[in-house]
Amino acid sequence: MAQDNTQPAPGTAQAASARTLLPTVVPALLVGAVSSLVLLGVSAAAEELQHALWQDLPDALGVGRYSVAWMFAMLTATGVAVGLVVWKVPGHAGPDPATTGLEAPVLPLAVLPGLVLVTALVLAGGPSLGPENPIIAVNVSLAVWFGARAFPRTARRGWVALAEAGTIGALFGTPVAAALVISEALAGQRVKGQLWDSLFAPLAAAGAGALTTTLVSDPSFDLHLPPFGQPGWADLLAALVVASAGALLGMCAVYAFPYVHGAFRRLRHPMLMLPAGGVVLGALAALGGHLTLFKGLDEIAELAADPDGWTAGEFAVMTVVKLAALLVAASCGFRGGRIFPSVFVGTALGLCAHALVPGVHPAVGVSAAVLGVLLAVTRQGWVSLFVAAVLAASPGMLTLLCLASLPAWLLVTGRPHMQLRPDGTAVG
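About the cut-offs
Residues numbered from 1 in each chain as written. Predicted model: local features only at pLDDT ≥ 70, side-chain atom pairs only at ≥ 80, totals over all residues. Heavy atoms only, no water. Phe/Tyr/Trp six-rings, centres within 6.5 Å; stacked < 30°, edge-to-face > 60°. Helix = DSSP H or I, 4+ residues; strand = E, 2+ residues; numbered from the N terminus. Buried < 20%, exposed > 50% of the residue type's maximum accessible area, 1.4 Å probe, protein only. Lys NZ or Arg CZ within 6 Å of the ring centre and 35° of its normal. Patch = residues over 30% accessible without salt bridge, like charges linked within 9 Å, V, L, I, M, F, W, Y side chains within 5 Å. Areas by Shrake-Rupley, 256 points an atom, 1.4 Å probe, with all protein chains shown as cover. Salt bridge = Lys/Arg side-chain N within 4 Å of Asp/Glu carboxyl O. Contact = heavy atoms within 4.5 Å. Polar contact = N/O pair within 3.5 Å; in protein donor to acceptor, adjacent residues only side chain to side chain. Disulfide = S-S within 2.5 Å. Axes fitted to C-alpha atoms, helices over the stretch in contact; angles between N-to-C directions. Parallel < 35°, antiparallel > 145°, perpendicular 65-115°, else oblique. Left-handed = near helix turned anticlockwise from the far one by under 90°. Nonpolar A, V, L, I, M, F, W, Y, C, P; charged D, E, K, R; others polar.

1. A look at the packing of aromatic side chains
Phase 1: Under the criterion given, the structure shown has 7 aromatic pairs.
Phase 2: A ring pair is formed by phenylalanine 172 and phenylalanine 340, whose centres lie 6.0 Å apart and whose planes are at 45°; its orientation type is tilted. A residue pair is termed long-range when its members are at least 10 positions apart, and phenylalanine 172 in helix H6 (residues 156–172) and phenylalanine 340 in helix H13 (residues 339–356) qualify at 168 residues. Like phenylalanine 340, phenylalanine 172 is buried.
Phase 3: One aromatic cluster is present, formed by Trp54, Tyr66 and Phe294 through successive ring pairs.
Phase 4: We note lysine 322 situated over the ring of phenylalanine 344; from NZ or CZ to the ring centre the distance is 5.1 Å.

This is the structure:
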């Protein structure tokens, strides 16, 4: 009898049953909601501390809030404070942040208080880093610890996926971003059943995280740039050129990353590395101004509110300074993520393109530049496309960005991105 060698048709993988998926819903919703609350709690504490450090204290001392002297003093003091925590607190606030990304390691619980503390200090003190990497690490570690005790038969990887999805959903205020990140991560793995089965529980966690954030803080990434209608050929050309320029600029920082990181590592001690980083960041702030401080979300809203309020040269200075500040902060040991500062870099670059060539629509310039910079820094295509698209809420923009991503991707694919291995070499 002849052997049947036929292969299953594509898309006919056996789907999981509802009985299998339903028990994951409640744990996923809990993890997503808690992940959002952790993010919101750390962010709220950091905002209060930032207000005290950058408004109340300088006002009480009679010093200009964003004077050169105060920016220099605050960034240096932040380096000292973070250095003390990394040196003295159990767990040393986690691994070298240059080696971490959105896929966070599972850390012992004893490490988490120090990591939360330095994250709040960085967000409040002015270094150009966002909360995403350390908060994901905190939420992943909490989910694995509690999940292993409540459901000991559940695989650790499941809890990791729920916490990552819940935090990403909370960060961006929508589960779509988490679904894109997880889909990209699953692309290189063998998936049992259908893709949507693997996304079911993480998507529930992301939805819970996003909804919790929306109910508490009502986040929005729309920069309210001048309205953009139907794209034309000139818009397509501008998007292609600006996205490629953003990718090239981002790759400059990526290639410099191991060398800058190595220079700080030669100082060996956190009480030398971090204060030295604070001094350099203070000098950069003096050059670029107060808009180049912090993670950058509030600052890009200020830029976008008046796209013609600065010259091309001023936008160019802010672009280069912010990129250099991101590079230094990520290299010297400050804990934080690289996505939000990269969005500022792209926004300033896009507005610089508009200032140089008024025919470049501000929305096209900003979205395309953010796309290119994020592709270079993160090497995550879906997240880069998503973030770039939501900055200018226009249906016509998505087509331009999809096309602009192609030459930008050719410039970055197969090359390192802004993350290092433990030995200090770049991750390709």
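2. A look at a nonpolar patch on the surface
Phase 1: A cluster of nonpolar side chains, contributed by Leu37, Leu211, Leu215 and Val216, occupies part of the molecular surface with about 430 Å² of accessible area.
Phase 2: Positionally, leucine 211 belongs in helix H8 (residues 195–217).

3. A few points about the environment of proline 108
Phase 1: Tracing the backbone shows proline 108 in the loop between helix H3 (68–88) and helix H4 (112–125).
Phase 2: Classification of proline 108 as exposed rests on a relative accessible area of 52%.

4. Here's the deal with the environment of threonine 378
Phase 1: Considering the arrangement of structural elements, one finds threonine 378 in helix H14 (residues 362–378).
Phase 2: Apart from the residues within four sequence positions on either side, threonine 378 is in contact with Ile339, Ser384 and His417.
Phase 3: Of note is the side chain of threonine 378, whose polar atom sits 2.7 Å from the backbone oxygen of leucine 374.
Phase 4: In this structure the side chain of threonine 378 is engaged in a polar contact, spanning 3.1 Å, whose partner is the backbone nitrogen of glutamine 380.

5. Brief notes about the state of the cysteines
Phase 1: Applying the stated criterion across every chain yields a total of 0 disulfides.
Phase 2: With no disulfide of its own, cysteine 252 lies 15 Å from the sulfur of cysteine 352, the closest cysteine sulfur.

6. Points about the packing of helix H2 (residues 25–61) against H4
Phase 1: Put simply, H2 and H4 touch, their axes get as near as 8 Å, and they point 45° apart. Classified by the angle between their axes, H2 and H4 sit oblique to one another. Here the hand of the crossing between H2 and H4 comes out right-handed. Each of Val42, Ala46, Leu49, Gln50, Leu53 and Trp54 in H2 lies in contact with H4, whose residues at this interface are Val116, Thr119, Ala120, Leu121, Leu123, Ala124 and Gly125.
Phase 2: Looking at the contact of H2 with H4 residue by residue, the classes come out as 10 nonpolar, 3 polar and no charged.

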